[in-house]
Amino acid sequence: MVTAPRVFRDVISQPEAVSELLRELAKSKEVHHAWLFTGPPGSGRSQIAFAFAAALVCPQGGCAECNACQMVRIGNHPDVQVLNTERVQISIEEVSEFIEKSEQMPALANYRIMIVEDADRMSERTSNLLLKSLEEPPKGTIWMLCAPSESDLLPTIRSRVRRIMLKVPSVDEVARLLIEKYSVPEHLALTAAAQAQSHVGMARRLATNAPARERRSKVLEAVLAIADLPSAISASEILLKLAESDGQQLTGELDEQERAELLARMGITEDSKLTPAMRSQIKKLEDAQKKRATRSKRDGLDRIFVDLMGLYRDVLAIQLGSGQKLINPDLENQIRALARDITQAQAIHAIEKIQQVRYRMDRNVKDSLLLDSLAVSLRRKRA
Ligand SMILES: [Zn+2]
């Protein structure tokens, strides 16, 4: 097998997917013009799409070091366009604007890459608009769609794309990555990987960011403390605050890191004089960051729901005596107590309720009302 270009190093535990892309890159024929990357959140759908894009636009085939590769990584390469919406659904205007861009000639590279991050968030009408472009893009334009699963897309779209399916990496694989790449101590790496339920980005954050770990514990503590109505309402308030501060922290960390990378790449220091071109690059990054900030609370809430589902999955695992490894081994005693206090039916109901609230959160219902109703339904009372 050929060694993978360096840009693929961050794509962990997806050897089949990476090999398929490498075979495509090694072909003498033109690269196929439409791709679909599917996999659950955290499996690295966008990472692999970005790595593939970098391999296509980098003069060295994806060295991970050059300007082209770095621009792709921070989402700033003129020939790698990314559509990521802050809306629940990608609007038809967003898509038609994006399609227009796909018809332009590449500026620096031989390819023009069009990445749609949440391709599942398109209505039928919007999907149909995209269809024609997917079928016959101009020479050199390559589409890359990302979605949780194939069934999230219309069959007409599915039949026009080459599919790359990603698998969920195991807890051990994620832990190994944390140990090798970020020098995280083994015990912490294993706990973080389990708590993040193999979501690579989340696991890395928990393993390397103590305040993020603390906020996660507080979320679970607040829910474990729910007994009666007043404690449910107070838990709901705590969750909302934690979601806000977690979201803000996360975007703050990313903003700073991206800005530093951009400045370093342009060779800007404290006392540099900025050219108009530099200013416009910085402005572009700031705009993208502002857009992201608007969904930071939502992302914070989403992580809370995933953590809570994990908690009740642990409760259920104990009740069923399945011997399955716990997602929250550190809370085993409290989880055992909860498993005694509620019935299996209640644990299942809790998971369903969390899923339902998570879904409705996407429909713009008022956050605090939804959290209240969730917390109240999680009160411990034997049926
Ligand atoms: Zn490169």
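Residues numbered from 1 in each chain as written. Predicted model: local features only at pLDDT ≥ 70, side-chain atom pairs only at ≥ 80, totals over all residues.

**Let's talk about the packing of helix H8 (residues 186–195) against helix H9 (residues 200–208)**
Where H8 contacts H9, the two axes come as close as 8 Å, and the packing angle between them is 140°. As the angle between them shows, H8 and H9 are arranged oblique. The interaxial crossing formed by H8 with H9 has right-handed handedness. In this structure, H8 contributes Leu 188, Ala 189, Ala 192, Ala 193 and Gln 195 to the contact, and H9 contributes Ala 203, Leu 206 and Ala 207. Partitioning the contact of H8 with H9 into residue classes produces 7 nonpolar, 1 polar and no charged. (Axes fitted to C-alpha atoms, helices over the stretch in contact; angles between N-to-C directions. Helix = DSSP H or I, 4+ residues; strand = E, 2+ residues; numbered from the N terminus. Parallel < 35°, antiparallel > 145°, perpendicular 65-115°, else oblique. Left-handed = near helix turned anticlockwise from the far one by under 90°. Contact = placed C-beta atoms within 7 Å. Nonpolar A, V, L, I, M, F, W, Y, C, P; charged D, E, K, R; others polar.)

**Description of the nonpolar core**
In this structure, Ala 53, Ala 54, Ile 115, Met 144 and Leu 145 are the most contacted members of the largest nonpolar core, which totals 49 residues. A total of 10 residues in this core trace back to one element, the largest contributor, which is helix H2 (residues 45–57). Non-local contacts of Ile 115, meaning those with residues more than four positions away in its chain, are made with Ala 49, Ala 53, Val 80, Gln 81, Val 82, Leu 83 and Met 144. Ala 222, Ala 232, Tyr 312 and Ala 350 belong to the second largest nonpolar core, which has 28 residues in total. (Core = buried A, V, L, I, M, F, W, Y, C linked by C-beta atoms within 7 Å. Buried ≥ 20, exposed ≤ 12 C-beta atoms within 10 Å, placed from the backbone.)

**Quick notes on unusual backbone geometry**
Its identity is not glycine, yet Ala 64 carries a phi of approximately 75°, on the positive side. Turning to its location among the elements, Ala 64 is positioned in the loop between H2 and helix H3 (67–73). Here Ser 183, not a glycine, exhibits a phi torsion of approximately 50°, which is positive. Residue placement: Ser 183 occurs in the loop between helix H7 (171–182) and H8. Of the residues examined, Ser 183 has 10 C-beta atoms within 10 Å and is grouped as exposed.

**Quick word on helix H13 (residues 296–320)**
Compared with the 36 Å implied by 1.5 Å per residue over 25 residues, the 36 Å span of H13 between its first and last C-alpha is a close match. Just past H13, the residue Gly 321 takes up positive phi, approximately 60°. (Expected span 1.5 Å × (residues − 1).)

**With respect to the packing of helix H11 (residues 229–265) against helix H16 (residues 367–377)**
Relative orientation and spacing of two packed helices are given, respectively, by the angle between their axes and the distance between those axes. Here H11 crosses H16 at 135°, and the two axes come no closer than 8 Å. Classified by the angle their axes make, H11 and H16 are oblique. The handedness of the crossing between H11 and H16 is right-handed. Counting all contacts with H11, which are made through Leu 229, Ala 232, Ile 233, Ala 235, Ser 236, Leu 239 and Leu 240, the residues of H16 involved are Asp 367, Ser 368, Leu 371, Asp 372, Ala 375 and Val 376. Counted by class, the contact of H11 with H16 contains 9 nonpolar, 2 polar and 2 charged residues.

**Considering the domain arrangement of the protein**
Along its sequence, the protein is carved into domain 1 (6–165), domain 2 (169–208) and domain 3 (209–383). Between the C-alpha centres of domain 1 and domain 3 the distance comes to 28 Å. (Domains from an automatic or database assignment.)

**Observations concerning the environment of Ser 377**
Secondary-structure assignment places Ser 377 in helix H16. Each C-alpha atom, one on Ser 377 and one on Ala 232, is 8.4 Å from the other, the two residues being 145 residues apart in sequence.

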